[in-house]
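Summary of structural features
In case you want the letters, here they are:
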Amino acid sequence: MTTQDFLIKWGVYGLALLPVWFCECFLLNRIPFLPVTPMLLPLAAVCVAVLEGAVAGAGFGLAVGILCDAVYFGTNGAMTLGICVAGMVAGALAQYLLRQNLLGCLLCSLLALMAIDMVRILTRLFWGNRELGAMLSLAGREILISLIFVFPVYALFLWVYRRVPKKTVL
């Protein structure tokens, strides 16, 4: 793959991330589902990781994590590292244990969202006396609503994946 093909490929993935980001920040925030807002940016990182593999998933996850830290309130830089690791793990799971398809993406997305919410819950429990039941209920609703959006996000990135240059074997 030439440098130009590489830049075009990741530029197109970056452009495909824009409607996901717009939808999360400007549309879904205004329409509350079960009083929670779905997290689409981590889903985008997981979808690309499932399609492209562990190394590419970690790189794209790093970029998406930086965007997540800019979008989500109170993350204090944790999403940059967290989404990077989630992308790497999702890519490795899809490459070696699961299939690189929608079902694998659903499972990896579920694991990533559960890990994100688990870290959120543990930090809130550590720093204050919050009610565990309420936080678990909120996290469960957020995960369920977010998983509904795996289908359109995966379809968008699968469409991009099929149209961008691939590695050539000589």
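Attention in this report is confined to the structure presented alongside it.

Conventions we followed
- Residues numbered from 1 in each chain as written.
- Predicted model: local features only at pLDDT ≥ 70, side-chain atom pairs only at ≥ 80, totals over all residues.
- Heavy atoms only, no water.
- Salt bridge = Lys/Arg side-chain N within 4 Å of Asp/Glu carboxyl O.
- Helix = DSSP H or I, 4+ residues; strand = E, 2+ residues; numbered from the N terminus.
- Buried < 20%, exposed > 50% of the residue type's maximum accessible area, 1.4 Å probe, protein only.
- Core = buried A, V, L, I, M, F, W, Y, C linked by side-chain atoms within 4.5 Å.
- Contact = heavy atoms within 4.5 Å.
- Patch = residues over 30% accessible without salt bridge, like charges linked within 9 Å, V, L, I, M, F, W, Y side chains within 5 Å.
- Areas by Shrake-Rupley, 256 points an atom, 1.4 Å probe, with all protein chains shown as cover.
- Expected span 1.5 Å × (residues − 1).
- Axes fitted to C-alpha atoms, helices over the stretch in contact; angles between N-to-C directions.
- Left-handed = near helix turned anticlockwise from the far one by under 90°.
- Nonpolar A, V, L, I, M, F, W, Y, C, P; charged D, E, K, R; others polar.
- Phe/Tyr/Trp six-rings, centres within 6.5 Å; stacked < 30°, edge-to-face > 60°.

Quick notes on the pattern of salt bridges
Within the structure shown, the criterion is met by three salt bridges. Residue K9 is joined to E52 by a salt bridge in which the shortest nitrogen-to-oxygen separation is 2.9 Å. Of this pair, K9 sits in helix α1 (residues 3-27) while E52 sits in helix α2 (residues 41-52); the two residues are 43 residues apart in sequence, bridging distant segments of the chain. For the residue pair K9 and E52, the accessibility class agrees, reading buried in each case. The partner of R120 in a salt bridge is D117, with the nearest N and O atoms 3.4 Å apart.

Here's the deal with the nonpolar core
V64 and F157 are the most contacted members of the largest nonpolar core, which totals 43 residues. Of all elements in the fold, only α1, α2, α3 (54-71), α4 (78-96), α5 (102-127), α6 (132-148) and α7 (150-163) reach the threshold of two or more residues within this core. The greatest single-element share of this core, amounting to ten residues, is contributed by α2. Here F157 is in contact with Y13, A16, L17, V20, A44, C47, V48, L51 and F60, once residues within four sequence places are set aside.

Focus: a nonpolar patch on the surface
A cluster of nonpolar side chains, namely M118, V119, L122, L125, L132 and L136, defines an oily patch on the protein surface of about 540 Å² accessible area. Looking at the nonpolar patch, the elements that each hand over two or more residues are α5 and α6. No other element matches the four residues that α5 contributes to the nonpolar patch. By secondary structure assignment, the location of L132 is in helix α6.

Looking at α6
Helix length check: α6, at 17 residues, gives a terminal C-alpha distance of 25 Å against a target of 24 Å (1.5 Å per residue), a fit within 8%. Buried within α6 are the following residues: M135, A139, E142, I143, I145, S146 and L147. Buried residues in α6 make contact with α2, α5 and α7.

Some thoughts on the packing of α2 against α4
Two elements in contact, α2 and α4, have axes separated by 8 Å at closest approach and are oriented at 35°. In the packing of α2 onto α4, the handedness of the crossing is right-handed. Across the interface between the two elements, P42, A45, V46, A49 and V50 from α2 touch M79, I83, G87, A90, G91 and A94 from α4. Here the residues of the contact of α2 with α4 sort into nine nonpolar, two polar and no charged.

Side note on the environment of A115
Note on placement: A115 falls in helix α5. Accessibility expressed as a relative area gives 36% for A115, which makes it partly exposed. Spatially, the C-alpha atom of A115 lies 26 Å from that of R30, the residues being 85 residues apart in sequence.

A short note on the environment of V55
Tracing the chain through its elements places V55 in helix α3. Of the residues examined, V55 reaches a relative accessible area of 73% and is grouped as exposed. Expressed as a C-alpha distance, the spacing of V55 and T80, which sit 25 residues apart in the sequence, is 15 Å.

Examining the packing of aromatic side chains
Per the counting criterion, the structure on display carries seven aromatic pairs. Centroid distance F22 to F26: 5.3 Å. Interplanar angle 40°. Geometry classified as tilted. Residue F22 and its partner F26 are both found in helix α1; the two are separated by four residues, about one turn of the helix. In this structure F26 comes out as partly exposed when scored by relative accessible area, which is 37%. Between F60 and F157, the ring centres sit 6.2 Å apart and the planes meet at 75°, which makes this aromatic pair edge-to-face. Of the two residues, F60 sits in helix α3 while F157 sits in helix α7, which places them 97 residues apart along the sequence.

The values reported here are purely geometric and, on their own, carry no functional implication.
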